[in-house]
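# Architecture at a glance
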Amino acid sequence: MKEITLKDRPKKKKAGIVFLVISIVVLLMITIYLGVGVYYIDRFFPGTTVNGIDVSGKTVKQAENLVGNQVQDYTLKVAERDGKSEQIDGADIQFEYVSDGAAQELKYTQNSFLWVKAVFHPQDYTMKTPTTYNKAKLKEVMENLEAFDKEKVTEPKDAYIDETDSGFEIVREVEGNKLDADKVYELLCSAVTDGETEVDLEKAGCYLAPKKTSENKKLKKKLAALQKYWDMTITYEIGDAKEVLDYQTFKDWMTVASNGETSFDWNHIADWIGQLADKYDTFGTDETFHTSLGETVTVTSMNYGWKMDEETEAAWLDETLKSGESATRQPQWLESAMARGEENDIGDTYVEIDITNQRMWFYKDGQCLVDTPVVTGDATKDGYETPLGLYCLFDKEAKAILRGADNLTGKSYNTPVDYWMPFNGGVGIHDAKWRASFGGTLYQGNGSHGCVNTPWDQAGIIFDNIEIGTPIVVYKSSINQGTGSVAISQPAETRVINEQGVEVTPESSAADTTTGTTTDTLSDPTSYTAIDGQ
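Residues numbered from 1 in each chain as written. Predicted model: local features only at pLDDT ≥ 70, side-chain atom pairs only at ≥ 80, totals over all residues. Heavy atoms only, no water.

Counting through the fold element by element, E175 comes out in the loop between β9 (167–171) and α6 (181–193). A relative accessible area of 48% places E175 in the partly exposed class. Residues E175 and T213, spaced 38 residues apart in sequence, show a C-alpha to C-alpha distance of 9.4 Å. When neighbours within four sequence positions are excluded, E175 is seen to be in contact with R81, P156, L208 and P210. (Helix = DSSP H or I, 4+ residues; strand = E, 2+ residues; numbered from the N terminus. Buried < 20%, exposed > 50% of the residue type's maximum accessible area, 1.4 Å probe, protein only. Contact = heavy atoms within 4.5 Å.)

Next up, the structure:
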């Protein structure tokens, strides 16, 4: 056993003192640590933030007060179109904090005796801040925003097609700045409830938008359809005249669907064709005519002239308009004339019959081939006068037999003629070999049944040179030249017509005692007055 000397005793005493000091320090530190831990039992750790508010060392109540103070300063920024913004103050909508224990729950997550860790690792908490607000007040504040000021609100407008000097163009839509009040209110309510501090009306789709933009496919199709019609023309060639139908006229007739399909109002088409016909139809109209004797008379077109086929033309025009392609057309006519002129449609080939002077002319290509006296319908008997007017030669027949009955006596007749040229039903121009003279006043008492009796040779010239469709002008002149009748040698009639109206040979006629018609009788103009006037 080692003996302790007095020399070793100071060393032992010194070690004990060190141990005591260390113990005291450790105990003191534990005491301080525990004291701090006790301190943070009802307080938040240092470095703790709640919703961005520093609540270090704050009690739950104090933290809630700080959050409540933040709520009192609540504002909601409302971002609008074109960089504008407005603000809603919480006080204006009675926005208030209501404790629901959320702060206490956050505190419970902190172990107070682990406060040292928080010193080196600050904690940031986000908690839903329970609040209340007055929805009616919020709506009132919303409605008083400048964004809802009617004087400053621009309505959205759809893109549309506009007519310009060179065609059409799409006018861009106007976005405007009108808001959907219901959407805005719903957005604001959600933002205030969640404690958000900013909303963007544009991003949230609160603005009313145009229904149709310049990129609309159907609008572009409609533009293409209209542009096609802008350059479209339909040209009617009528004689030397031209009638042009263009977009400015037919644009009011057309309807362009959203898909570009185009239709036209039939009534407008029919009306336009009707107006065209009224302008160029001459059938049934009065026409001016310059006579061979230098007089100007007016004659009514009876069966001669132009008459447009309106039904055909309207159908063609409708289909052509739908096609969108320009076209040139000569219209179809129900009735046509030999010419078309400014004053009349008679042209330079025609027959002219002057009732007053009992004279007839035939012009072909402007050259007079026939100028002859004639005998027209008996002016002293009702229904026998040659009808006046402008007519059309509708047939010609050589070696014809004129059949009919006397209007007064009822006696039938069958008269042979070599040249038959009708122009008004049973009225026409023909040779009259039974007559020995023509012109003068023979037609007053010894006229025809309405036909124009013509010297045989002159009738032949007309017959050989006239075409079906040639105009025939019949008028009464106001100038009576007072020319008397003219004796004209006629060939003897060699044709025999029996009582049954059948042409027979002279030999069979002489042998047939039942016919009663012989060549001798036919060759005697004076005894042939019973059928004179055909």
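Counting across every chain of the model gives 15 aromatic pairs. Of the aromatic side chains, those joined through ring pairs into one cluster are Y229, W230, Y247, F250 and F264. The ring of Y207 is capped by R81, whose NZ or CZ atom sits 4.1 Å from the centre of that ring. Just above the ring of F463 sits the side chain of K396; from NZ or CZ to the centre is 4.6 Å. (Phe/Tyr/Trp six-rings, centres within 6.5 Å; stacked < 30°, edge-to-face > 60°. Lys NZ or Arg CZ within 6 Å of the ring centre and 35° of its normal.)

Mapped onto the fold, Y236 is located in strand β11 (residues 233–238). Classification of Y236 by relative accessible area gives buried; the value is 0%. Taking the C-alpha atoms as reference points, Y236 and P331, separated by 95 residues in sequence, lie 7.0 Å from one another. Among the polar contacts made by the side chain of Y236, one reaches the side chain of E313 at a distance of 2.9 Å. (Polar contact = N/O pair within 3.5 Å; in protein donor to acceptor, adjacent residues only side chain to side chain.)

Turning our eyes to something else, we now look at the sheet that holds strand β12 (residues 241–246). Read from one edge to the other, the open sheet built from 3 strands follows the order β12-β11-β18, with strand pairing classed as mixed. Across the chains shown, the open sheet's two edge strands, defined by having one partner strand only, are β12 and β18 (327–329). Between one strand and the next, the sheet's axes are offset by a mean angle of 20 degrees, whatever the strand orientation. Where β11 lies against β18, 3 bridges are found, and the strand directions are parallel. What sits directly across from Y236, in β18, is R329. On the sheet, helix α10 (residues 310–323) packs against β11, β12 and β18 and is oriented at approximately 150 degrees with respect to β11. (Pairing = 2+ DSSP bridges. Axes fitted to C-alpha atoms, helices over the stretch in contact; angles between N-to-C directions.)

This brings us to unusual backbone geometry. Unlike most non-glycine residues, Q94 shows phi in positive territory, near 55 degrees. Its place among the elements puts Q94 in the loop between β4 (85–89) and β5 (96–97).

Moving on: the nonpolar core. Burial of nonpolar side chains together is a common tendency in soluble globular proteins. Grouped together as the largest cluster of nonpolar side chains are 32 residues, with contacts concentrated most on V351, I353, M360, M421, F423, I429 and I472. Elements with a minimum of two residues in this core: β20 (350–354), β21 (359–364), β24 (397–405), β25 (412–424), β26 (427–431), α12 (456–465) and β29 (471–475). Looking at this core, the element that brings in the most residues is β25, giving 5 residues. Those residues in contact with M360, other than ones at most four positions away along the chain, are V351, E352, I353, V370, D371, T372, V374, I429, V452, T454 and I462. (Core = buried A, V, L, I, M, F, W, Y, C linked by side-chain atoms within 4.5 Å.)

Pairing in this open sheet of 3 strands is mixed, and the strands run β4-β3-β10 from one edge to the other. Looking at strand neighbours, the two that pair on one side only are β4 and β10 (198–200), the edges of this open sheet. Averaged over all pairs of adjacent strands, the angle between strand axes in this sheet comes to 20 degrees, irrespective of strand direction. Strand direction decides the pairing type here: strand β3 (residues 75–79) and β10, joined by 3 bridges, are parallel.

Counted according to the given criterion, the structure contains 17 salt bridges. Where E202 meets R81, a salt bridge forms, and the shortest distance between an N and an O atom there is 2.8 Å. Here E202 is found in the loop between β10 and α7 (217–230), whereas its partner R81 is found in the loop between β3 and β4, with 121 residues between them in sequence. Accessibility expressed as a relative area gives 37% for E202, which makes it partly exposed. Here R81 falls in the buried class, since its relative accessible area comes to 11%. Its salt-bridge partner being R329, residue E313 comes within 2.8 Å of it at the nearest N-O pair. Within this pair, whereas E313 is found in helix α10, its partner R329 is found in strand β18, the two being separated by 16 residues in sequence. Accessibility assignment for this pair places E313 and R329 in one class, buried. Shared partners join several salt bridges into a network, and the residues in it are K399, D418, K433, E493, R495 and E503. (Salt bridge = Lys/Arg side-chain N within 4 Å of Asp/Glu carboxyl O.)

Two numbers describe how helix α5 (residues 135–143) lies on α6: the axes approach to 10 Å, and their chain directions differ by 130 degrees. Overall, the two elements α5 and α6 adopt an arrangement that is oblique. Classified by chirality, the crossing of α6 by α5 is right-handed. The segment α5 lies against α6, with K135, L138, K139 and M142 engaging A181, V184, Y185, L188, C189 and V192. Taken together, the residues that form the contact of α5 with α6 break down as 8 nonpolar, no polar and 2 charged. (Parallel < 35°, antiparallel > 145°, perpendicular 65-115°, else oblique. Left-handed = near helix turned anticlockwise from the far one by under 90°. Nonpolar A, V, L, I, M, F, W, Y, C, P; charged D, E, K, R; others polar.)

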